[in-house]
Amino acid sequence: NSEDEQEMPSHCMELELLDKKIRRLVQKLKKYDVHLEVFDHTEITYGRMLGKGGEGIVYKCTVVYNGLPVDAACKKVLNNTDDAITITLDEIELLCLARDPIITTTLQVYGVAAVPSAPDSDFGHLVILTEVGIMNALQLYQEEEVPAFVTFDLWARLGAGMACMHSKRIIHHDLKPENILVTGFNKSL
């Protein structure tokens, strides 16, 4: 009825439906011997905001993963329409299945969670928990003297990642230095 439609936030999905979609992805990944943790939203301890973009807000957080507390990046997906969730879950699948030797440093996805939009709400957001980087590529080149071989390695990995995405018929649409996560680099050979 119209009262229920007014109470439902247009940018949030029902938590039950979101949880079903998440668990469907987890089962799909098990067929490839890939584990994707489904975190309870109460297990996430949020820290400072790391960034905000058109797709979501990223926070530094701590979560227990494989029995140990792990620093992670927690991306709260802002657009939780059915189409946006489907696209995001496809991207998570791709990240989890990217096993090409050239891109072995692909961002590790620890897991996902369905987080209520407010306490006691039946609606919520998809949250993706990944490894946290030390900086993005823009920061790297602004703050460090980067040897040429590091730049060549970065471009090779970026190209391999894009080729992997394109092979799955996924186009990034927002490739820029700020969206390239750097988890570490070695200035010497």
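What you are looking at is a predicted structure, and each value in this text was computed from that prediction instead of being measured.

Peer 1: Tell me about helix α5 (residues 148-167), and name the residues and values.
Peer 2: Between its first and last C-alpha, α5 extends 28 Å over 20 residues, near the 28 Å set by a 1.5 Å rise per residue. All buried positions along α5 are accounted for by Val150, Thr151, Leu158, Ala160, Gly161, Met162, Cys164 and Met165. Looking at the buried positions of α5, the neighbouring elements they touch are α3 (82-97) and α4 (137-143). Downstream of α5 by a residue or two, Arg169 has a phi angle that is positive, lying close to 65°.

Peer 1: Give me the lowdown on the packing of aromatic side chains, citing residues and values where you can.
Peer 2: For the structure shown, the criterion picks out two aromatic pairs. Aromatic side chains Tyr46 and Tyr59 sit 5.9 Å apart centroid to centroid with 80° between the ring planes, which places their arrangement in the edge-to-face category. Highlighted residues: Tyr46 in strand β3 (residues 45-52) and Tyr59 in strand β4 (residues 56-65), separated in sequence by 13 residues. Judged by relative accessible area, which is 40%, Tyr46 ranks as partly exposed. Of the residues examined, Tyr59 reaches a relative accessible area of 23% and is grouped as partly exposed. Consider the rings of Tyr65 and Tyr110, whose centres lie 4.8 Å apart with planes at 50°: the pair is tilted. Here Tyr65 is found in strand β4, whereas its partner Tyr110 is found in strand β6 (residues 109-116), with 45 residues between them in sequence. Residue Tyr110 is classed as buried on the basis of its relative accessible area, which comes to 11%.

Peer 1: Describe the pairing of β4, listing the residues and the values that go with them.
Peer 2: As paired strands, β3 and β4 are joined by five bridges and run antiparallel to one another. Pairing of Thr45 across the sheet is with Thr62, part of β4. Adjacent in sequence and paired antiparallel, β3 and β4 are bridged by three residues. Relative to strand β5 (residues 68-77), β4 is paired through 10 bridges, and the arrangement is antiparallel. Bridging across to β5, Val58 finds its partner in Lys75. The hairpin turn running from β4 into β5, its antiparallel successor, is two residues long, and Asn66 in that turn takes a positive phi close to 55°.

The rules behind these values
- Residues numbered from 1 in each chain as written.
- Predicted model: local features only at pLDDT ≥ 70, side-chain atom pairs only at ≥ 80, totals over all residues.
- Heavy atoms only, no water.
- Helix = DSSP H or I, 4+ residues; strand = E, 2+ residues; numbered from the N terminus.
- Expected span 1.5 Å × (residues − 1).
- Buried < 20%, exposed > 50% of the residue type's maximum accessible area, 1.4 Å probe, protein only.
- Contact = heavy atoms within 4.5 Å.
- Phe/Tyr/Trp six-rings, centres within 6.5 Å; stacked < 30°, edge-to-face > 60°.
- Pairing = 2+ DSSP bridges.

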